Amino acid sequence: MGLFSFLKNKFVGKKEDKSVQTYEKGLTKSRKAFASKLDELSKRYSKVDSSYFEELEEILIESDVGVALSLKLCEELLDKSIKEKISEPKKINEALIDLMFVDYATSGDSIQNEISFNSKPTVLLVEGVNGVGKTTTIAKLAYRYKNKGKKVMLVAGDTFRAGAVEQLKIWASRLDVPIVYGSPNSDPASVAFDGAKKAKEEGVDLLIVDTAGRQQTKSNLMQELGKINRVLSKEIEGAPQETFLVIDGTTGQNGVLQAKAFKEVSPLTGIVVTKMDGTSKGGIILSIRTELGVPVRFMGLGEKMEDLEEFDLSKYLYGLLLGNEDEQA
Ligand SMILES: Nc1nc2c(ncn2[C@@H]2O[C@H](COP(=O)(O)OP(=O)(O)OP(=O)(O)O)[C@@H](O)[C@H]2O)c(=O)[nH]1
Ligand SMILES: [Mg+2]
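All values reported here derive from a predicted model rather than from experimental measurement. (Residues numbered from 1 in each chain as written. Chains lettered and ligands numbered in written order. Predicted model: local features only at pLDDT ≥ 70, side-chain atom pairs only at ≥ 80, totals over all residues. Heavy atoms only, no water.)

Participant: What should I look at first to understand the overall build of the protein chain in this one?
Facilitator: Per the secondary structure count, the protein chain includes 14 helices and 8 strands. Relative to a compact globule of 329 residues, whose C-alpha radius of gyration would be 20 Å, the protein chain shows 21 Å and is just as compact. Projected onto its principal axes, the C-alpha positions of the protein chain cover 65 × 45 × 35 Å. Here the protein chain, with 329 residues, has 54% of them falling under the buried criterion. Nonlocal contacts in the protein chain, meaning residues at least 24 apart in sequence, comprise 78% of its contacts between residues at least 6 apart. Counting only carbon and sulfur atoms, one obtains 51% of the accessible surface of the protein chain, whose full area is about 14600 Å². (Helix = DSSP H or I, 4+ residues; strand = E, 2+ residues; numbered from the N terminus. Rg over C-alpha atoms; globule rule 2.2 N^0.38 Å. Buried < 20%, exposed > 50% of the residue type's maximum accessible area, 1.4 Å probe, protein only. Contact = heavy atoms within 4.5 Å. Areas by Shrake-Rupley, 256 points an atom, 1.4 Å probe, with all protein chains shown as cover.)

Participant: It is not clear to me how the pattern of salt bridges should be interpreted in this structure. Could you clarify?
Facilitator: Pairs may arise between side chains of opposite charge once their charged atoms sit close together. For the structure on display, the rule yields 22 salt bridges. Residues K148 and E114 are paired through a salt bridge, measuring 3.7 Å at the closest nitrogen-oxygen approach. You can see K148 sitting in the loop between α7 (134-147) and β2 (152-157) and its partner E114 sitting in the loop between α6 (89-106) and β1 (122-127), a full 34 residues away along the chain. A relative accessible area of 47% places K148 in the partly exposed class. Close ionic contact of E291 with K260 constitutes a salt bridge, the shortest N to O distance being 3.4 Å. With a gap of 31 residues between them, E291 in helix α12 (residues 284-292) and K260 in helix α11 (residues 254-265) connect regions that are remote in the sequence. Relative accessible area serves as the criterion here: at 29%, E291 is assigned to the partly exposed category. Under the relative-accessibility criterion, K260 is labelled partly exposed at 37%. Counted as one network, the salt bridges with shared partners bring together E114, R144, K148 and E310. (Salt bridge = Lys/Arg side-chain N within 4 Å of Asp/Glu carboxyl O.)

Participant: Would you take a moment to explain the pairing of strand β5 (residues 242-248) for this structure?
Facilitator: Each regular strand shows side chains that alternate between the opposite faces of the sheet. Extensive coverage of β5 is indicated by the burial of 7 of its 7 residues. The two faces of β5 match: E242, F244, V246 and D248 on one face and T243, L245 and I247 on the other face are all buried. Bridge analysis of β1 against β5 gives 4 bridges, and the strand direction is parallel. Among the inter-strand pairings, E127 is bridged to a residue of β5, identified as L245. Chirality of the crossover, the property in question, places the unit of β5, α11 and strand β6 (residues 270-274) among those that are right-handed. (Pairing = 2+ DSSP bridges. Right-handed = clockwise from strand over helix to strand, strands pointing away.)

Participant: Just checking my understanding: could you explain the packing of helix α3 (residues 28-44) against helix α13 (residues 313-322) for this structure?
Facilitator: For any two helices packed against each other, the geometry is given by the interaxial angle and the distance between the axes. Running from amino to carboxyl end, α3 crosses α13 at an angle of 65°, the nearest separation of the two axes being 7 Å. Overall, the two elements α3 and α13 adopt an arrangement that is roughly perpendicular. Here α3 contributes S30, R31, F34, A35 and L38 to the contact with α13, which in turn contributes G319, L320, L321 and L322. For the contact of α3 with α13, the class distribution of residues is 6 nonpolar, 2 polar and 1 charged. (Axes fitted to C-alpha atoms, helices over the stretch in contact; angles between N-to-C directions. Parallel < 35°, antiparallel > 145°, perpendicular 65-115°, else oblique. Nonpolar A, V, L, I, M, F, W, Y, C, P; charged D, E, K, R; others polar.)

Participant: Before we go on, may I ask you to explain the packing of α3 against helix α4 (residues 50-62) in this structure?
Facilitator: Close contact between α3 and α4 brings their axes to 10 Å; oriented N to C, the two are set at 170°. Between α3 and α4, the interaxial angle falls into the category roughly antiparallel. Within the contact between the two elements, α3 uses F34, K37, L38, L41, S42 and R44 and α4 uses Y52, E55, L56, I59, L60 and E62.

Participant: Please explain the side chain of S186 as it appears in this structure.
Facilitator: Within the secondary structure, S186 sits in the loop between β3 (179-180) and α9 (188-201). Of the polar contacts made by the side chain of S186, one reaches the backbone oxygen of S183; its length is 2.6 Å. Discounting chain neighbours no more than four positions away, the residues touching S186 are T159 and V191. (Polar contact = N/O pair within 3.5 Å; in protein donor to acceptor, adjacent residues only side chain to side chain.)

Participant: It is not clear to me how the sheet that holds β2 should be interpreted in this structure. Could you clarify?
Facilitator: Strand pairing in a sheet is mediated by backbone hydrogen bonds. Such pairs are either parallel or antiparallel. Taking strand neighbours across the sheet as the criterion, the 8 strands line up as β3-β2-β4-β1-β5-β6-β7-β8 in an open arrangement whose pairing is mixed. The open sheet has two free edges, formed respectively by β3 and β8 (308-310), since each of these has just one partner strand. Taken together, the 6 bridges between β2 and strand β4 (residues 206-211) define a ladder with parallel strand orientation. Each bridged residue has a counterpart across the sheet, and for L154 the counterpart in β4 is I208. Most of the contacts of helix α10 (residues 219-235) go to β1, to which it runs at about 175°, and overall it touches β1 and β4. The strands touched by α11 within the sheet are β1, β5 and β6, with β5 carrying the most contacts at an inclination of about 155°.

Participant: What is the right way to look at the side chain of N113 in this model?
Facilitator: For N113, the location among the structural elements is in the loop between α6 and β1. Within the structure, the side chain of N113 is placed 3.5 Å from the side chain of E310, a separation counted as a polar contact. In this structure the side chain of N113 is engaged in a polar contact, spanning 2.4 Å, whose partner is the backbone oxygen of F311.

So, in structure tokens, the structure goes:
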């Protein structure tokens with residue numbers, strides 16, 4: 001059985017699984033842009049030929065799967081269609097889903113999305129360019145792990161933007177978790193140091209460090225991340241155990257460029273793609289993984305603290321490609 005039928009059997013009509021529905025709903029725009037075009041394409045051709053693959057490639061690129069990956073997928077598909085004598089467009093599109101899956105699953109490190117609490121405290125550093133959703137994601141993660149019984153503490157490492165500390169303080173009080181912060185314009189590395197020290201003293205399980213938004217081209221600000229890293233590792237062995245880069249899902253391929261630059265300053269253990277509810281470019285997730293080898297660990301699908309989903313490849317592909325079965329019916 002191909003993945004297409006597998007996903008269909010597994011998820012279609014599974015209304016009781018709330019997270020399947022979240023994916024379905026959150027990826028509506030992307031699905032409209034991608035699955036509908038794919039469907040329309042397969043209806044126009046009775047047999048696939050070179051122009052079919054050209055059109056397919058364009059659809060993939062428009063959905064932000066990335067040029068390199070789009071080309072690779074189409075080449076693999078063409079190869080498969082010749083070797084296995086597949087000429088029916090619908091079958092090719094099903095094979096595409098298989099390839100997307102395999103490609104994601106085999107690029108880069110093995111995937112474990114949830115934070116593993118192998119050391120105490122476990123430190124999570126959160127970084128990214130301005131306005132991508134870092135602070136909101138931190139609140140969502142704090143909510144998630146607090147609900148799992150973990151002792152969570154926040155560090156307001158954005159000492160740059162006016163109002164940033166206040167924003168995190170509001171989340172901390174809403175979530176009822178402790179927060180460490182410094183005076184305005186203080187050195188973020190020193191606030192991180194205070195946070196690490198306090199987390200050790202208070203037996204915290206998860207210390208989440210917020211950072212100021214920074215453009216990946218500003219080298220002095222990028223160096224500052226290096227300093228925060230060094231301070232954390234000095235105070236807590238192996239810290240930060242996790243470094244998440246937050247990417248705005250609506251920015252498309254620029255997100256991949258951001259990730260490349262951030263990865264150079266500090267190793268990334270995961271990516272969180274936010275605002276997936278507002279983008280038609282859901283393909284970005286596949287291209288991040290294959291171009292960077294860094295897994296997407298979580299997806300932001302709204303502004304509320306519960307609007308965070310652990311990334312699940314099969315649910316994602318289902319939401320991106322198949323979730324419209326009901327809509328069509
Ligand atoms: N629709 C939607 N909005 C989101 C999501 N995540 C964050 N936002 C919104 O994006 C805006 C910016 O979020 P912040 O969390 O402040 O972003 P930030 O990266 O911390 O911003 P800076 O600290 O200024 O760099 C806010 O209005 C959030 O509510 C998401 O998954 N979906
Ligand atoms: Mg922020």
